[in-house]
Amino acid sequence: MTVEEVEPRTGAEAIGWDLSDLYAGIDDPALEADVSDAEARAAQIAAQYRGRIAALNADEMLALIEAYEALLDQAYKTLSYAQLHWTTNTEDPARGALLQKLRERLSRLQQETVFLTLEWANAPDAAAAALIDSPKLARYRHFLETARRYRPHLLSEPEEKILTEKRVTGRGAWSRFFNEVHSAARYEFDGERVPAQVVLSKLHSVDRDVRRRAAGVLTTGLKNLNRTTTYIFNTVLADKASDDRLRNYPTWISARNLDNEVSDESVQALVEAVTSRYDIVARYYHLKRKLLDVDELFDYDRYAPLPAADQRYTWDEGHALVLDAYGQFHPRMAQIVEMFFEYGWIDAAVRPGKRGGAYSSSTVPSVHPYVFMNYQALPRDVMTLAHELGHGVHQYLAREQGILQASTPLTTAEMASTFGEALIFSALMARESDPQVRLAMLTGKLEDSFATVFRQVAMNRFEDAIHNARRREGELTTDHFSDLWLETQRAMFSDSVTLTDDYGIWVELHPALHRRAGLRLRLRLRRAAGAGALRALPAGRRGLRGRLHRGAARGRLELAARDRQTAGRGPDRPALLARGPPNPR
């Protein structure tokens, strides 16, 4: 029996993306041709510019950057296709083989061009300043400035080449293995074997017995994967510790903070501010216990909706709601959102072998973004759709900045997506008049905010604990991981939610732990970065004006300064949104 037969139909069963704007298929000759051409371009750049970066004038530097951007766009177009194609069926060996082949070939391409990063970072300050200040290079100022910040953490060229080569079999490989193992896992629920995403959705059921049984099924299934997952986590932590030691980063999160253009001190201050107010979370869940009319709230009750919130939205209904919400803000945003539906840029069906979760992939500026999710018709799925399409709009508009500056630091990357969530929530609230339903919707939104703010910081505290414990004590046991997970989660809930010992094994459900250190904290940072744009829709219009086009062409601190300078001015029309980028097709 299929997943679709076990679960109520959502209307998203046939919603899969069309990747032909990238390549026609896994055997498309253009894919191999583009990889080979990118390799030739890399060799040409190395032959022309190696050893000369510090002596280039502005015209020469501009020519180099433009050639480098063209190379990266072509190379990462191939990798984008392989990555997207793989995530929709991680059990297909041919897809995995293509992904690995491209990772290996692009690793060698990166080794060919690593001299660019090293020579620019180590160029004399006076020569570098002259290029950074040149009007001819104004478009790339932010890229040129931020690339030099890594100078204290870069190694020699031979050492960098070795690390690049070994990275193919490092954290990225273990991340793929983790995803393949957990995507292939099946869980026995009501006599059927279903993916984890189906069981996880049961934790949002109004029926408490369904939630309790789902929690038990998850625990049993995850215990069967203990040995594999524990080894993956230990290996990833050791690999990260080696990188940090070799690159002289003072803490496990320093490299991520440097990428995010924030200091270790400011992040620590944020963590302390949030953890000092865990009492807010406990107060809320004491209230929720009363609203649910239960004597004790367990871990599987955390996301239980109030009875009045037992609603479902088919794919067509979700599509209409999200499109209308974006259209209420600005017609250009609605136009871009509709492209995702019309041209097949979304993969929404729940399928065996498909990776869990949701994301928006920017791919490369010469193409367009794609949105990935597992749509199950719950209210939170509509919110997720709006969130990922906010990323998609942002990525679509920022393409004009080029591949070196289109992606923003994680501290600002979530601004448009958070705004999209706010739009759809306001739209859903506006159409509902029943006070009980509105209360249920508000509790759901509060819990989403808690998950984004407090829970993400609690998970960051768990990351901090396991990174430091692995560095002090060596390989950690499954029980040690579970104990640290429960300790950091119980600190947030206090006595408001009973976290059973079995919940300790649920740490395996959090793939961020094996991908990028500090990723969880970025979800808290996104709220801080996007707060100004969410105070009210008129202010949001002005706050978003131009930002979605800028990508990383303006730094986080520069944008914050501009916000302070323009605070208090009235709203105006976001003219840059109306302008529109080139046709993607």
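Residues numbered from 1 in each chain as written. Predicted model: local features only at pLDDT ≥ 70, side-chain atom pairs only at ≥ 80, totals over all residues. Heavy atoms only, no water.

1. With respect to the overall build of the protein
Logical step 1: Broken down by element type, the protein carries 26 helices and five strands.
Logical step 2: Looking at the protein residue by residue over its 585 residues, the buried ones come to 55%.
Logical step 3: Counted over contacts in the protein with a minimum sequence separation of 6, partners at least 24 positions apart contribute 79%. (Helix = DSSP H or I, 4+ residues; strand = E, 2+ residues; numbered from the N terminus. Buried < 20%, exposed > 50% of the residue type's maximum accessible area, 1.4 Å probe, protein only. Contact = heavy atoms within 4.5 Å.)

2. Brief notes about the sheet that holds strand β4 (residues 359-361)
Sheet strands line up and pair through hydrogen bonds in the backbone, either parallel or antiparallel.
Logical step 1: Strand order in the open sheet formed by three strands is β3-β5-β4, with mixed pairing between adjacent strands. The sheet terminates laterally at β3 (346-347) and β4, the two strands that pair on one side only.
Logical step 2: Here β3 runs beside strand β5 (residues 370-372); their pairing, made up of two bridges, is parallel. When the bridges of β5 are listed, isoleucine 346 appears paired with valine 371.
Logical step 3: This element, helix α17 (residues 379-398), spans β3, β4 and β5 of the sheet and lies at about 15° to β4. (Pairing = 2+ DSSP bridges. Axes fitted to C-alpha atoms, helices over the stretch in contact; angles between N-to-C directions.)

3. Observations concerning the side chain of lysine 77
Logical step 1: Tracing the backbone through its elements, the reader meets lysine 77 in helix α3 (residues 58-87).
Logical step 2: Despite its burial, lysine 77 pairs with no opposite charge, the nearest such side chain being aspartate 34 at 4.2 Å.
Logical step 3: Beyond its immediate chain neighbours, meaning those up to four positions away, lysine 77 contacts Asp21, Leu22, Tyr23, Asp34, Leu72, Val364 and Val367. (Lys, Arg positive; Asp, Glu negative; His and termini not counted. Salt bridge = Lys/Arg side-chain N within 4 Å of Asp/Glu carboxyl O.)

4. With respect to the packing of aromatic side chains
Logical step 1: Evaluated as defined, the whole model comprises 24 aromatic pairs.
Logical step 2: Arranged with centres 5.1 Å apart and planes meeting at 80°, the rings of phenylalanine 340 and tryptophan 345 form a pair that is edge-to-face. Note on accessibility: phenylalanine 340 and tryptophan 345 belong to one class, buried.
Logical step 3: Through a chain of ring-to-ring contacts, three or more aromatic side chains come together here, namely Tyr278, Tyr284, Tyr285, Phe450, Phe454 and Phe493.
Logical step 4: The ring of tryptophan 120 has arginine 148 lying over it, and the distance from NZ or CZ to the ring centre is 5.6 Å.
Logical step 5: The ring of tyrosine 396 carries the charged tip of arginine 399 above its face, separated from the ring centre by 4.1 Å. (Phe/Tyr/Trp six-rings, centres within 6.5 Å; stacked < 30°, edge-to-face > 60°. Lys NZ or Arg CZ within 6 Å of the ring centre and 35° of its normal.)

5. Digging into the nonpolar core
Logical step 1: Trp120 and Leu389 are the most contacted members of the largest nonpolar core, which has 85 residues in total.
Logical step 2: With residues up to four places along the chain from it excluded, the contact list for tryptophan 120 reads Ile53, Met61, Ala128, Leu131, Ile132, Leu144, Ala147 and Arg148.
Logical step 3: One finds Leu203, Leu225, Ile232 and Leu297 within the second-largest nonpolar core, a separate group that totals 65 residues. (Core = buried A, V, L, I, M, F, W, Y, C linked by side-chain atoms within 4.5 Å.)

6. With respect to the confidence of the model for the protein
Logical step 1: Of the residues in the protein, 86% have a pLDDT of 70 or more, and the chain-wide mean is 87.
Logical step 2: Note that pLDDT drops below 50 for residues 522-540; the model gives that stretch 41 contacts with residues more than four away or on any other chain.
Logical step 3: Every residue in residues 556-585 scores below 50 in pLDDT, and together they form 53 contacts with partners more than four places removed in sequence or on other chains. (pLDDT = per-residue confidence, 0-100.)

7. Remarks on the environment of aspartate 502
Logical step 1: Summarising the element assignment, aspartate 502 is placed in the loop between α21 (478-493) and α22 (519-530).
Logical step 2: Sequence separation between aspartate 502 and serine 482 is 20 residues; the distance between their C-alpha atoms is 8.8 Å.
Logical step 3: Each residue touching aspartate 502, except ones within four places of it in the same chain, is listed here: Thr219 and Lys223.

8. Here's the deal with helix α16 (residues 331-342)
Because each turn of an α-helix spans 3.6 residues, side chains separated by three or four positions end up pointing in the same direction.
Logical step 1: Given a rise of 1.5 Å per residue, 12 residues ought to cover 16 Å, and the 16 Å separating the end C-alpha atoms of α16 matches this to within 8%.
Logical step 2: Of the positions making up α16, those classed as buried are Arg332, Met333, Ala334, Ile336, Val337, Met339, Phe340 and Phe341.
Logical step 3: Just past α16, the residue glycine 344 takes up positive phi, approximately 75°. (Expected span 1.5 Å × (residues − 1).)

9. Things to note about the pattern of salt bridges
Logical step 1: Applying the stated criterion across every chain yields a total of 38 salt bridges.
Logical step 2: Taking the shortest distance from any N to any O, the salt bridge between aspartate 133 and arginine 141 comes out at 3.0 Å.
Logical step 3: For arginine 141, a relative accessible area of 34% gives the class partly exposed.
Logical step 4: A salt bridge links aspartate 502 to lysine 223; its shortest N-O distance comes to 3.5 Å. Note that aspartate 502 is positioned in the loop between α21 and α22 and lysine 223 in helix α10 (residues 208-223), a separation of 279 residues in sequence.
Logical step 5: Residue lysine 223 is classed as partly exposed on the basis of its relative accessible area of 44%.

10. A short note on the environment of glutamate 421
Logical step 1: Tracing the backbone through its elements, the reader meets glutamate 421 in helix α19 (residues 415-430).
Logical step 2: Given a relative accessible area of 5%, glutamate 421 falls into the buried group.
Logical step 3: Considering only alpha carbons, one finds glutamate 421 and arginine 380, 41 residues apart in sequence, at a separation of 9.9 Å.

11. Considering the packing of helix α7 (residues 157-167) against helix α11 (residues 226-247)
Logical step 1: Relative to each other, α7 and α11 sit at 170°, their axes nearing to 13 Å. Put simply, α7 runs roughly antiparallel to α11. Residues Glu160, Leu163 and Arg167 of α7 form the contact with α11, whose own contacting residues are Asp243, Leu246 and Arg247. (Parallel < 35°, antiparallel > 145°, perpendicular 65-115°, else oblique.)

12. Concerning unusual backbone geometry
Logical step 1: Within the chain, glutamate 261 stands out as a residue other than glycine whose phi angle is a positive 60°.
Logical step 2: Here glutamate 261 shows up in the loop between α12 (254-259) and α13 (264-275).
Logical step 3: One non-glycine residue with positive phi stands out, namely aspartate 293, at about 60°.
Logical step 4: Here aspartate 293 shows up in the loop between α14 (279-292) and α15 (315-329).

13. What about the side chain of serine 417?
Logical step 1: When you line up the elements, serine 417 lands in helix α19.
Logical step 2: On the basis of relative accessibility, which here comes to 0%, the residue serine 417 falls in the buried class.
Logical step 3: The residues touching serine 417, leaving out its near neighbours within four places in the chain, are His387, Gly390 and His391.

14. Describing a nonpolar patch on the surface
Logical step 1: A cluster of nonpolar residues, Leu287, Leu291 and Leu439, forms a patch on the protein surface that exposes about 220 Å² of accessible area.
Logical step 2: Tracing the chain through its elements places leucine 291 in helix α14. (Patch = residues over 30% accessible without salt bridge, like charges linked within 9 Å, V, L, I, M, F, W, Y side chains within 5 Å. Areas by Shrake-Rupley, 256 points an atom, 1.4 Å probe, with all protein chains shown as cover.)

15. Here we look at the environment of aspartate 244
Logical step 1: Following the sequence through the fold, aspartate 244 ends up in helix α11.
Logical step 2: We classify aspartate 244 as buried; its relative accessible area is 3%.
Logical step 3: Along the sequence, aspartate 244 and serine 254 sit 10 residues apart, while their C-alpha atoms lie 8.6 Å from each other.
Logical step 4: Not counting the four nearest positions on each side in its chain, aspartate 244 is found in contact with Tyr249, Thr251, Trp252, Ala255 and Arg471.

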